[in-house]
Amino acid sequence: MKSPEGHIEQATPDLLVEELQSLVDRPIRVMVVCGTQTRAMLKYGLEDLLPDNLEIVSGPGCSVCVMPAGHIDAFVKIGLQPDIITATCEDLLRVPGSRDSLETIKKKGALVEVVDAPMEALDLARKFPDKIVVFTAIGFEGAAPDVAETILEAAREGIVNFCVIPSIRLLPPSLDNLLNDPELNIRGLLCSAHVEAITDTEAYADLARRHHLACAVAGFGIPEILRGLISIVKQIRSGQPSRKNPFAGITHSEETALNKKMLSEVFFAVETDWRGLGSIEGSGFVIRDELSIYDAIKRFNIRFVEREEQIQCNCSEIISGRGTPNDCPAFGISCTSRHPIGPCMVAQEGICASYFRYTFGRL
Ligand code: SF4
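A few points on the structure. (Residues numbered from 1 in each chain as written. Predicted model: local features only at pLDDT ≥ 70, side-chain atom pairs only at ≥ 80, totals over all residues. Heavy atoms only, no water.)

Applying the stated rule across the entire model yields 5 aromatic pairs. Ring centres of Phe267 and Phe285 lie 5.0 Å apart, and the angle between their planes is 5°; this geometry places the pair in the stacked category. Of this pair, Phe267 sits in strand β9 (residues 267-274) while Phe285 sits in strand β10 (residues 278-287); the two residues are 18 residues apart in sequence, bridging distant segments of the chain. The pair Phe267 / Phe285 is uniform in exposure class, with both members buried. With 5.1 Å between their ring centres and 25° between their planes, Phe356 and Phe360 make a pair best called stacked. Residue Phe356 is classed as buried on the basis of its relative accessible area, which comes to 18%. (Phe/Tyr/Trp six-rings, centres within 6.5 Å; stacked < 30°, edge-to-face > 60°. Helix = DSSP H or I, 4+ residues; strand = E, 2+ residues; numbered from the N terminus. Buried < 20%, exposed > 50% of the residue type's maximum accessible area, 1.4 Å probe, protein only.)

Moving on: the state of the cysteines. If you walk through the whole model with that rule in mind, you get 1 disulfide. There is a disulfide in this structure between Cys62 and Cys65, and the S-S distance comes to 2.4 Å. Its S-S torsion of about 70° marks the bond between Cys62 and Cys65 as right-handed, since a negative value means left-handed. Neither residue differs from the other here; Cys62 and Cys65 are each classed as buried. (Disulfide = S-S within 2.5 Å.)

Where helix α8 (residues 144-157) contacts helix α12 (residues 254-266), the axes come no closer than 9 Å and their chain directions differ by 65°. As α8 runs across α12, the sense of the crossing is left-handed. Between α8 and α12, the residues in contact are Ala144, Pro145, Ala148, Glu149, Ile151 and Leu152 and Asn259, Met262, Leu263, Glu265 and Val266, respectively. For the contact of α8 with α12, a count of residues per class yields 8 nonpolar, 1 polar and 2 charged. (Axes fitted to C-alpha atoms, helices over the stretch in contact; angles between N-to-C directions. Left-handed = near helix turned anticlockwise from the far one by under 90°. Contact = heavy atoms within 4.5 Å. Nonpolar A, V, L, I, M, F, W, Y, C, P; charged D, E, K, R; others polar.)

This part is about the pattern of salt bridges. Inspection of the entire model under this criterion finds 15 salt bridges. One salt bridge in this structure joins Arg26 and Asp25, with 2.8 Å as the shortest N-O distance. Exposure remark for Asp25: the relative accessible area of 43% places this residue in the partly exposed category. (Salt bridge = Lys/Arg side-chain N within 4 Å of Asp/Glu carboxyl O.)

Below, the discussion takes up the sheet that holds strand β2 (residues 54-61). A sheet is described by the order of its strands in space; here 4 strands give the open sequence β2-β1-β7-β8, paired in parallel fashion. Among the strands making up the open sheet, the edge pair consists of β2 and β8 (214-218). Sheet twist, expressed as the average angle between the axes of neighbouring strands with direction ignored, equals 25°. In the sheet, strand β1 (residues 28-34) pairs with β2 via 6 bridges, with the strands oriented parallel. By the bridge assignment for β2, Val32 is matched with Ser58. Strands in contact with helix α11 (residues 222-238) are β1, β2, β7 (188-192) and β8; relative to β8, the strand with the most contacts, it is inclined by about 165°. (Pairing = 2+ DSSP bridges.)

Below, the structure written as structure tokens:
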């Protein structure tokens, strides 16, 4: 039997755009949280095809972009100490702190290695027992289980020349902060399929309920994104957007339960600084005292110091949905993908990088 939504499941992007055009009967502003989805939309020129009344704004879903300069300074400070190997993801290398980046200290002789996963950083620690390997653990809640697993593995093996700079951020508290801003007037939230990998979808369901928000979870292809937007518009038109929990269909596997256990063994949530959003209660993970030998911040007695941004950059407005790269005087002039000024141009998922790649110079 065909499901009532069967025609939507099989529709082509053209038909889905048509359907969206016919459904939008009022001004609606939707936040697309994930930088990868924003990138896909720009790549295929989707925003030009959407109804005029449907406004898409970007959210804080780029973990490199939300890292304040003061945190980069802490990474740099630790990386400059003797016998340290900083293990980091590639995206973070060029993000500027108040004076240096990990890339500039590498050029000056600091040992900085690019890794794709925290377990690779632990491998480096096994390989170089006379060095201390410091892993820059950035990312959102979906990245946290791998970091927790690596710390627990190091503890099991008794590896002590390994530690982590805990910079994992939790999206729901930051979204809550943005959704409280009446000027932003966000009516719908498009969440990426990454949300299926996390342990706490209830936090998203709670957001939807409290803010009377229409939500949808979508993959990264254009048809999925369009279906997500159609679902959001239909929920708004029904007048009861948060009645149905959009996350209820996400099934949690045994792996999810294990992840949840590891997270509670290793981390707890505290107030954390975000670029552009300030300090938000319960929005970042720190490592429990029992495992403090794996916490680079405690081990090297470093503090994250909040600093005024030294650079003229509008990333703060962009990651909070309050502006677009086109509002920034530097976009495409002094700030380009070859010579990025701010993290939104540095990071692959950064909104400025996506705008520059897919829209700059387009007529
Ligand atoms: S274009 Fe460059 S300077 Fe402007 S907001 Fe984006 S990253 Fe910052």
